[in-house]
Structure formats: structure tokens, C-alpha cells
Amino acid sequence: MDLRVFTEPQQGATYDTLLRVAKAAEDLHYGAFFRSDHYLHMGSADGLPGPTDAWITLAGIARETSTIRLGTLMTAGTFRLPGVLAIQVAQVDQMSGGRVELGLGAGWYEAEHAAYGIPFPKEKFGRLEEQLAVVTGLWGTPVGERFSFDGTYYQLKDSPALPKPAQSKVPVLIGGHGAKRTPALAARYADEFNIPFASVADSEQQFGRVRAAVQQAGRKADELVYSNALVACVGRTDSEVKRRADAIGRDVDELKANGLAGSPAEVVERIAQYQAVGSRRMYLQILDLDDLDQLELIAAEVMPGLD
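Residue positions are given per chain, counting from 1 as you read along its sequence in written order. Per-residue local features of the predicted model are confined to residues with pLDDT of at least 70, and side-chain atom pairs are confined, for both listing and counting, to 80 or more; whole-chain, interface and lining totals are unaffected and use all residues. The side-chain values count all of the structure's non-hydrogen atoms but skip hydrogen atoms and water molecules.

Trainee: Please explain the overall build of the protein as it appears in this structure.
Mentor: Within the protein, the secondary structure is distributed over 11 helices and 12 strands. A globule of 307 residues ought to have a C-alpha radius of gyration of about 19 Å, and the protein, at 19 Å, matches this closely. Along the three orthogonal principal directions, the C-alpha set of the protein runs to about 60 × 45 × 35 Å. For every residue, the accessible area obtained with a 1.4 Å probe (protein chains only) is divided by the maximum for its type, and the residue is called buried under 20%, exposed over 50%, and partly exposed between those limits. Counting across all 307 residues of the protein, residues that qualify as buried make up 55%. The long-range share in the protein, meaning contacts at least 24 apart out of those at least 6 apart in sequence, stands at 73%. Reported accessibility uses the Shrake-Rupley method at a 1.4 Å probe radius. Residues are deemed covered only where the shown protein chains occlude them. Within the structure as shown, the protein displays about 13,400 Å² of accessible surface, and the carbon and sulfur contribution to it stands at 51%. Helical segments are the DSSP runs of H or I of at least four residues, strand segments are the runs of E of at least two, and each set is numbered from the N terminus. The reference for a compact globule is 2.2 Å times residues^0.38; the radius of gyration itself is calculated from the C-alpha atoms. In what follows, residue pairs with any heavy atoms lying within 4.5 Å of each other are defined as contacts.

As C-alpha cells, this is what we get:
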């Protein structure tokens, strides 16, 4: 089981805070540092000092780290044209020496689009399909050849399809709860399928749908990594767990029901339940980015208990 750190900077975080977390995650041997791609806070958070851009952040972190993998859950397809996104991700992959992964989603948070003047199209899933075709098509075009695409939403003509990422294949993550179109899209383009904030039973059902779609597309189901994203709230004692839950404005019982909360032993047992239904990677949603002690505790007492 690969444990990764997943942050939500729109709730309030500077670049320096994110860099500190990423460096700590690297030193503690987490598999990756990921972040969301949002420009507006949610809920009661004030979001201060304001949003940071996902790919600018990852570019900076790429130059300040050396081994940890970097990526997004998920880049919002509504924020960027696919040709521009292909250039951005390829450049950050070069800057990192080949450590980038692209999670790409349709985009959903209408309020942030209104707040920053970003168009919020009605047909988002069809755009996502074309974006994946364009991004992977640009990267997959041999150097010296040209790439063209004539879609409903995007058209590219005679593109040199440059630059190329450092990796021969940038891993692409697709995720979500959709029962039909999402598994089909993952079967065509994904190297990893992620289901966020889902129960064990719902994860098992969705993984089954994706595996079936992958096989129907002529691929082996195990070609994909199957992963979860869940909020983490881990403490050595009940009082420490409660303190951490209070710090993020959550209830301990709710966190235990819907996330990874409790003692290290409880969290190991909870992760094992997801592993039993096919999960091989867990993104730990860390909401208190000043609490590096929690990252140290998980690394010291949860990681060693996992297969």
C-alpha cells in the first residue's frame, strides 16, 4: 500500500507552507505530494492568504525536491486549454526529472469560476474526453511528426506536439463515482483510477465497474492502479485525535465513519479494509498543513503496519 499526501490549499495555505509539507513528505518517504486544483475556498474557511495555482506550485516544488512524486487530484479541465496544459505538465515533468502525474477531471465548482471569470460550460464531460485525447495525443506524437485534432470543443492543426515530458509516459489519473462514462473513460486513458471519499463497499463496486470496462477495452484490469482518497486524522491518544479533529472542524465519530481516523492501529485496520477490495494506493487528505507531527506519526506507526 502506497501512502501519499494530498493537500487542499484553497482552504488557506501559502506556497512556503506547501513546500514545507512536500519536503517533510519526501523526508518521511511518502510516495507522493499531491494537491487539489481550486481557486476558491469551501465551507467556513477564510482561504487566507488566497489561492495558489496548482501547476505553478508544483513547478516550484519540483525544483526544491528530488525524489517524491508530484501531481494533482484533480486538475480542473475547465481551467486550462488542453494544448496549454500539455505544455505545462511536460515542462514541470522536465523540471522534476520525471516525477509528475496528471490527475484530470471535468471541473465542478461553479462558484470559483464566477469568482475569477472562468467560463463554466454546461457540457463538461465531453470536453474532458477531448482534453484527454489532446493531452495524451500531443505527448504521444513522435518528435518530428505533427498532431492534429478536430473535435467538437477543441481543434488543433499541424501542432509540433512539443515539448515532451521527461517520462516516456506521464501517469494519468481519472477518478469519480460515475457508473458508466467515468469507467469507460478510465479504460481508454487512465494509468490509475481514484475514488475520493467513498466507503469500502462503494469503492469495491466502483473498482469492479472500472475493471470490467478496462477488460472490455482490451486491456488487462491490473494495468491500472486502483486508489482511494480519504481524510486523515491520526493520534496517539483519544485526546490527540480529538484535538486534530477540532483543528479541522470535524467530529471524531464522523471521521472514523468516513475517513482514516483514530489511533495508528485503527487506521492500519481501516486501510486494510480498502486494500482487501483492491485499493493499492491511499491519498491522505491532510487539512491541517501546520501539523507536521501527524505526518511523522503516520510514517512511524502506520506505514510499517501496511503490506
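Trainee: Would you take a moment to explain the pairing of strand β6 (residues 147-150) for this structure?
Mentor: Note on strand geometry: in a regular strand, side chains alternate between the two faces of the sheet. Alternating residues of β6 divide into Phe147 and Phe149, all buried, and Ser148 and Asp150, none buried. Relative to strand β7 (residues 155-159), β6 is paired through three bridges, and the arrangement is antiparallel. Bridge pairing in β7 links Phe149 to Leu156. By definition, two strands form a pair when at least two bridges between them are found by DSSP. Taken together, β6 and the strand that follows it, β7, pair antiparallel across an intervening segment of four residues.

Trainee: Help me understand the nonpolar core, please; the structure alone is not making it clear to me.
Mentor: Side chains that are nonpolar tend, in soluble globular proteins, to be buried together. By size, the foremost hydrophobic cluster in this structure holds 78 residues, and its most contacted members are Leu3 and Phe33. When residues of this core are assigned to their parent elements, the largest contribution, eight residues, is made by helix α5 (residues 125-140). With sequence-adjacent residues up to four places away left out, Leu3 is seen in contact with Tyr30, Gly31, Ala32, Ile271, Met282, Leu284, Ile298, Val302, Met303 and Leu306. Nonpolar cores were defined as sets of buried Ala, Val, Leu, Ile, Met, Phe, Trp, Tyr and Cys residues, with membership established by side-chain atoms within 4.5 Å.

Trainee: Please explain unusual backbone geometry as it appears in this structure.
Mentor: Trans peptide bonds make up most of the peptide bonds, and negative phi angles are found at most residues other than glycine. Residue Pro49 follows Leu48 across a cis peptide bond; omega there is 10°. Residues other than glycine seldom take positive phi values, yet Asp158 does so here, at roughly 55°. The residue Asp158 is located in strand β7 in this model. On the accessibility criterion, Asp158 (42% relative accessible area) is partly exposed.

Trainee: So what exactly am I meant to see when it comes to the environment of Thr237 here?
Mentor: Along the chain, the position of Thr237 falls in the loop between β10 (225-234) and α8 (238-247). A distance of 3.0 Å separates polar atoms of two side chains, one belonging to Thr237 and the other to Ser239. Here a polar contact is taken to be a pair of N or O atoms separated by no more than 3.5 Å, where protein atoms must pair a possible hydrogen donor with a possible acceptor and residues adjacent in sequence count only if both atoms sit in side chains.

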